[in-house]
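Commentary on secondary and tertiary structure
Residues per chain are reported as follows:
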Amino acid sequence: MSTSFRWRTVDIVVTAVVGVVFGVVFFGWGFANGVLTAPLKAVAPLTGVFSGVWFIPAVLAPLIVRKPGAAVVAELLGSLVEMLLGGQYGFATILSGLAQGLAAEIVFAAFRYRSYSLPTALLAGTASGLGCAIVDLTTYYPQFTIGAKLTYAVSCMVGGLVLAGLVSWLLARALGATGVLSALAGGRRQARV
């Protein structure tokens with residue numbers, strides 16, 4: 001099987017659209033997340049479970065375009081748009097986006113950009129959660145105890161597994177089934193595991 005790593009215009013456009021659309025979602029999610037996590041503030045390390053929404057482009061874009069760099073580009077664009085819209089985390093959003101995108105990119109690279117199966121998507125989402133936890137625990141929560149840090153990291157990884165990994169895989173499959181992705185590798189090879 002031969003995999004083309006050359007980016008076409010359609011790959012660039014779709015990756016950019018995924019990043020920009022999710023940047024707007026991120027901006028809104030920043031506020032919704034505050035409401036959803038309010039009941040968990042007593043157990044702050046569990047709040048990471050809702051962070052998975054912020055990792056979706058890092059998994060979704062590679063599932064659709066199947067090109068090296070898609071995870072990093074889409075996640076960075078999303079974080080840049082969130083920041084430019086006035087997101088509450090400011091420039092730190094870019095650092096988080098980079099860590100989350102790179103973590104997912106490492107997973108796709110480990111499979112030599114040839115596996116876009118559900119297990120790969122779940123692993124990429126989980127890795128993004130770990131990337132998020134590393135940034136958050138050094139930037140926002142350095143005061144957490146070791147136990148709280150481990151709990152937070154696991155909650156981010158669970159959020160990444162479900163909200164980024166599973167949801168992205170289901171979304172890519174649903175989009176592929178409509179035929180809208182037929183010009184992209186993810187749409188042409190949807191049946192391939």
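Structure first, text after, so check above.
The notes below deal with the structure included here. Here, residues in each chain are numbered from 1, in the same order as that chain's written sequence. With the structure being a predicted model, the display of local features is reserved for residues of pLDDT at least 70 and the display and counting of side-chain atom pairs for 80 or more, all residues being used for whole-chain, interface and lining totals. Side-chain figures throughout are based on the complete set of non-hydrogen atoms in the structure, without hydrogens or water.

Quick notes on helix H1 (residues 9-37)
Our working rule: Here a strand is any run of E in DSSP of at least two residues, a helix any run of H or I of at least four, and the numbering for each starts at the N terminus. Each residue after the first adds 1.5 Å to the expected span of a helix. In this analysis the local bend is the angle between axes fitted, respectively, to the seven residues ending at and the seven residues starting at the residue. Exposure classes here rest on a 1.4 Å probe applied to the protein chains alone. A residue is buried below 20% of its type maximum, exposed above 50%, and partly exposed in between. Contacts were defined at the residue level, with two residues in contact if any of their heavy atoms lie within 4.5 Å.
Between the first and last C-alpha of H1 there are 40 Å, a value that for 29 residues agrees with the 42 Å anticipated at 1.5 Å per step. Bending of H1 peaks at approximately 30 degrees at the position of Trp 29. Buried residues of H1: Asp 11, Val 14, Thr 15, Val 18, Gly 19, Phe 22, Gly 23, Phe 26, Trp 29, Gly 30, Asn 33 and Thr 37, and no others. In this fold, the buried residues of H1 make contact with helix H2 (56-65), helix H3 (70-84) and helix H6 (146-178).

A few points about the packing of aromatic side chains
Applied cut-off: Paired rings are identified among Phe, Tyr and Trp, the last through its six-membered ring, by centres lying within 6.5 Å, and are further divided according to the angle between planes into stacked (under 30 degrees), edge-to-face (over 60) and tilted (the rest).
Under the criterion given, the structure shown has ten aromatic pairs. Ring centres of Phe 5 and Tyr 113 lie 5.7 Å apart, and the angle between their planes is 75 degrees; on these two criteria the pair is classed as edge-to-face. You can see Phe 5 sitting in the segment before H1 and its partner Tyr 113 sitting in the loop between helix H4 (92-110) and helix H5 (118-139), a full 108 residues away along the chain. The rings of Trp 54, Tyr 89, Tyr 140, Tyr 141, Phe 144 and Tyr 152 are connected pair by pair, giving a single aromatic cluster.

So, the layout of surface pockets
Heads up, the rule is: A 1.4 Å probe that fits into a set of points on a 1 Å grid over the protein atoms alone but cannot get out defines a cavity; an open set with protein on both sides within 12 Å along at least five of seven lines defines a pocket, and lining residues are those with an atom within 4 Å of a point. Grid points are joined across faces, edges and corners, and a volume is the space filled by probe spheres set on the points.
Taken as a whole, the largest pocket encloses approximately 390 Å³ of empty space. Lining of the largest pocket is provided by 26 residues; of these, Asn 33, Ser 51, Trp 54, Tyr 89 and Asp 136 occupy positions nearest its centre. Of all the secondary structure elements, the ones that give two or more residues to the lining of the largest pocket are H1, H3, H4 and H5.

Some details on the side chain of Thr 15
Rule in force here: Polar contacts, as used here, are pairs of N or O atoms within 3.5 Å; protein pairs need one atom able to donate a hydrogen and one able to accept it. Residues neighboring in sequence count only if both atoms are side-chain atoms.
Of note, Thr 15 is situated in helix H1. Judged by relative accessible area, Thr 15 falls into the buried class, the value being 1%. A polar contact of 2.8 Å, which involves the side chain of Thr 15, links it to the backbone oxygen of Asp 11. Thr 15 has contacts with Trp 7, Ala 61, Val 65, Ala 70, Val 73 and Ala 74, leaving out every residue within four places of it along the chain.

What is shown is where atoms sit, not what they do.
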